[in-house]
Structures are given as structure tokens and as C-alpha cells.
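Okay, here's what each chain looks like letter by letter:
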Amino acid sequence: MKKTEPIKTVYYKDELGDEFSSAVITPKKIDASYIYDRDGLWGRFLHFFWYRLVAIPLGYCYLKLAFHHKIIGREKLRDYAKKPLFIYGNHTQATADALIPTFITHPRDAYVIVHPNNVSMPFLGRITPYLGALPLPDDLDATRNYRAIIEKRIRENAPVYIYPEAHIWPYFTGIRHFTELSFHYPVKYDTPVFCFTNTYRHRRFSSKPRIVTYVDGPFFADGSLPPKERKKELRDRVFECMTERSRLSDVVRIEYRKEGDSDSD
């Protein structure tokens, strides 16, 4: 599919480590004092208020108005509506990527594994935990609590979302390399895996592209393989599926080039 010419070029050094989000946030340390489990009476009220009454209607309006957002393939989740899921997606927007999981598995609550930046913002950082944000831990004590809340969400048959690329590359239309480490939990708990791929499509009356999200799966770990190989094989199938879907983008707003690569074709 022919793509539009990019409006700018961005150079990167490290595909796995470079971050291109415009937000400047000093992440707080996620240690033993961080509260992952907020399922008490007050926490459930705040979750209902911020998630159901605020985030869902505002998020729906934002995605439709800003990106004419559309999801294709939600019916593939129908047979897994009461089962725990791990769902992987590409990371190409700051605000939109925080909202899209909410609508993929709606009306179920969505939980998203995030960078500590997402719970470190002056105001929003106090709200995002009630929207389902699960920040990555910084020490051993926090890791115990983090693992406990993941296990609890699995017991509750909830969907847990992971952005395995980890860093935001705005409007990137490919799939960046990611490792099999993020596939530890679906292998450990033997849960179905789905993926979603955000693609950028041309809009007739706007220079801003439309986001079309494709949902694919289920994928299951190959139980005949040793655990380490099981994770890699599962990762490879998800990566290949997302890469194939990403080719449906027909708008390139930003071209990403590795430093040192020739600008010539």
C-alpha cells in the first residue's frame, strides 16, 4: 500500500531504549510503599467514578474527535469474555494508548502495565491507578506486590494489557523489536494472548490520520516447549502478526531513522 510522505524525520540510537514522548516527567520510585491493590470500599468508588463516569465518556469523545478511532476484530474476544487475558499492543501515542485498551475489552475493566511516569504526574498520577495503571516496580519488595496484583487480576479473569515496546514513538507505523520477557506471565498462568495493532490511515478531509486498531488472537503458548523457548515462540508469533497488520498503515507522519544510516534510498 502506498504511503504518504513523512512531514519530519526523527533519528534514534537505541530501538529498545529511546523515548520520544514530549512529556517531561520525573518518575517516582515504585517501592514497597506503593499501593497496587486499591480494591477497598473507597478505592472501588474512586475506580467507578474516574473509570466509568469520567474516563470512558471523555476517552470515547477524544478518540473519535482526534483520530476517528475504529476497532476491528473485537468479536475475536467474544469467547474469552470471562477468561483472564494478556493483550499486547504497539506504543505510538501518549494519551490515545492510555485509552484504547478501555474500549477493546469494554465493558470489562482493563488493567495496563505502565512505566512509573504514568503514576508520577502531579494531578493525573493520582488518578491513573484508579484507571487500571499498574506501574513496573523498582525494587524487590515492590516486585512482590506487583506480582501479587497481577495474580489477583488473573484470578478475577481480568484483561491485562502490555506495551512490550515500552517506549512511545509517536506515529511510528512499524513494530519495533521487543523481547520475550514480557511473555512471562501468560506462560506462567497458561492464559490466552491477544494483540492489537494501531495503524494510521488517510482521512479525506484532515491532515491528521485516523487510527484503526486491529485485534488478533488468540495465541497460546506451546506446552511442548521448555518455558524459556515457550516465551520466545509465543513472542515471535505475536510479533509477526502485529508486523503484518502494521503494513495496513498508509500514512507516515514521522520517519524514524537510525543515527548513522544513509539518508539516501
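Above: the structure in question.
From a predicted model like this one, the values you see are computed outputs, not experimental measurements.

**A few points about the overall build of the protein chain**
- From N to C terminus, the protein chain includes 6 helices and 9 strands.
- A compact globule built from 265 residues should have a C-alpha radius of gyration of about 18 Å, and the protein chain, at 18 Å, falls within 12% of that.
- Taking all 265 residues of the protein chain together, 48% fall into the buried category.
- Long-range pairs, those at least 24 residues apart, make up 78% of the contacts in the protein chain with a sequence separation of at least 6.
- Here the protein chain displays about 14100 Å² of accessible surface, and carbon together with sulfur accounts for 55% of that area.
- Within the protein chain, one finds 41 positive and 33 negative side-chain charges whose respective centroids are separated by 7 Å.

**Some points on the packing of helix 1 (residues 41-67) against helix 2 (residues 95-104)**
- It is the contact of helix 1 with helix 2, at a shortest axis distance of 10 Å, that shows an interaxial angle of 115°. In this structure, helix 1 meets helix 2 at a crossing whose hand is left-handed. Every residue of helix 2 that contacts helix 1 at Y51, A55, I56, G59, Y60, Y62, L63 and F67 is listed here: T95, A96, L99, I100, T102 and F103.

**Quick word on unusual backbone geometry**
- In this chain, H106 is followed by P107 through a cis amide linkage whose omega measures 15°.
- Structurally, P107 can be placed in the loop between helix 2 and strand 4 (111-114).
- For Y171, which is not a glycine, the phi torsion comes out positive at approximately 65°.
- Tracing the backbone shows Y171 in the loop between strand 6 (159-162) and helix 5 (184-189).

**Focus: the pattern of salt bridges**
- Under the defined criterion, the tally for this structure stands at 16 salt bridges.
- R176 is paired through a salt bridge with E165; the nearest N and O atoms lie 3.1 Å apart. One end of the pair, R176, is in the loop between strand 6 and helix 5; the other, E165, is in the loop between strand 6 and helix 5, with 11 residues separating them in the sequence.
- Among the salt bridges present, the one from K232 reaches D236, with a minimum N-O distance of 3.0 Å. Of this pair, K232 and D236 are both found in helix 6 (residues 227-246), 4 residues apart, which corresponds to roughly one turn of the helix.

**Looking at a nonpolar patch on the surface**
- Among the surface-exposed residues, W42, F45, F48, F49 and L53 lie close enough to one another that they form a single nonpolar patch of about 550 Å² accessible area.
- Structurally, the position occupied by F49 is in helix 1.
- Its relative accessible area of 31% is what places F49 among the partly exposed residues.

**Examining the side chain of N198**
- Its location among the elements puts N198 in strand 7 (residues 193-203).
- Separated by 2.5 Å, the side chains of N198 and T213 make a polar contact.
- Leaving out residues up to four positions away in the same chain, N198 has contacts with N90, T92, D97, I100, I211, V212 and T213.

**Here we look at the packing of aromatic side chains**
- Enumeration according to the criterion identifies 23 aromatic pairs in this entry.
- Taking 4.9 Å as the distance between ring centres and 75° as the angle between the ring planes, the aromatic pair formed by Y34 and Y36 counts as edge-to-face.
- For the ring pair W169 and F172, a centre distance of 5.4 Å and an interplane angle of 80° mean the geometry is edge-to-face. In this pair, the class of W169 matches that of F172, namely buried.
- Here the aromatic cluster, defined as three or more aromatic residues joined through ring pairs, consists of Y34, Y36, F86, Y146, Y185 and Y189.
- The positively charged end of K208 is found above the aromatic ring belonging to F67, 4.6 Å away from the centroid.

**So, the sheet that holds strand 4**
- Across the sheet, 7 strands lie side by side as 2-8-7-3-6-4-5; this open sheet has mixed pairing. Of all strands in the sheet, those bounded by a partner on one side alone are strand 2 (70-72) and strand 5 (133-135). The sheet shows a mean angle of 25° between the axes of neighbouring strands, taken without regard to direction.
- As judged from the 9 bridges shared by strand 7 and strand 8 (residues 206-219), these two strands associate in the antiparallel manner. Note on strand 8: the bridge partner recorded for V193 is F219.
- Taken strand by strand, helix 1 contacts strand 7 and strand 8, and its axis lies near 125° from that of strand 8.

**Observations concerning the environment of L225**
- Relative to the helices and strands, L225 is located in the loop between strand 8 and helix 6.
- Exposure remark for L225: the relative accessible area of 22% places this residue in the partly exposed category.
- Look past the residues within four positions of L225 in its chain and what remains in contact with it is R230 and E233.

**Overview of the pairing of strand 4**
- Both faces of strand 4 are covered, namely the face carrying Y111 and I113 and the face carrying V112 and V114.
- Looking at chain direction, strand 4 and strand 6 are connected through 3 bridges and run parallel. Each bridged residue has a counterpart across the sheet, and for I113 the counterpart in strand 6 is I162.
- Where strand 4 meets strand 5, 3 bridges bridge the pair, whose relative direction is parallel. Along strand 5, the bridge assignment pairs I113 with L134.

About the thresholds
Within every chain, residues take consecutive numbers counted from 1 along the sequence as written. Local features in this predicted model are restricted to residues of pLDDT 70 or higher, and side-chain atom pairs are both shown and tallied only at a pLDDT of 80 or more, whereas totals for entire chains, interfaces and linings draw on every residue. Computation of side-chain values: all heavy atoms of the structure, hydrogens and water removed. Where helices and strands are cited, they refer to DSSP runs of H or I of at least four residues and of E of at least two residues respectively, numbered from the N terminus. Radius of gyration: over C-alpha atoms. The globule rule applied is 2.2 Å multiplied by the number of residues raised to the 0.38 power. Buried, partly exposed and exposed residues are distinguished by accessible area as a fraction of the type maximum, computed with a 1.4 Å probe on protein chains only: under 20%, between the cut-offs, and over 50%, respectively. In what follows, residue pairs with any heavy atoms lying within 4.5 Å of each other are defined as contacts. Exposure was quantified through the Shrake-Rupley algorithm and a 1.4 Å probe, taking into account, for residues, occlusion by the shown protein chains and nothing else. Under the convention used here, Asp and Glu are negative, Lys and Arg are positive, and both His and the chain ends fall outside the count. To locate a charge, take atom NZ for lysine, CZ for arginine, CG for aspartate or CD for glutamate. Each axis is a line fitted through C-alpha atoms, and for a helix only the stretch in contact is used; angles between axes span 0 to 180 degrees, taken between their N-to-C directions. By definition, any crossing whose near helix is turned counterclockwise from its far helix by less than a right angle is left-handed, and any crossing with a clockwise turn is right-handed. We define a salt bridge as a contact between a side-chain nitrogen of Lys or Arg and a carboxyl oxygen of Asp or Glu at a distance within 4 Å. Residues qualify for a patch when their relative accessible area is over 30% and they have no salt bridge, like charges being joined within 9 Å and the nonpolar side chains of Val, Leu, Ile, Met, Phe, Trp and Tyr within 5 Å. Polar contacts here mean pairs of N or O atoms no more than 3.5 Å apart (in protein, one a potential hydrogen donor and the other a potential acceptor; neighbouring residues in sequence count only if both atoms are side-chain atoms). Aromatic pairing here means that ring centres of Phe, Tyr or Trp (its six-membered ring) are within 6.5 Å. Orientation follows from the plane angle: under 30 degrees is stacked, over 60 is edge-to-face, and everything else is tilted. Here, over-ring charges are defined by two tests on the NZ atom of lysine or the CZ atom of arginine: distance to the ring centre within 6 Å, and angle to the ring normal within 35 degrees. Think of it this way: DSSP has to see at least two bridges between two strands before they count as a pair.

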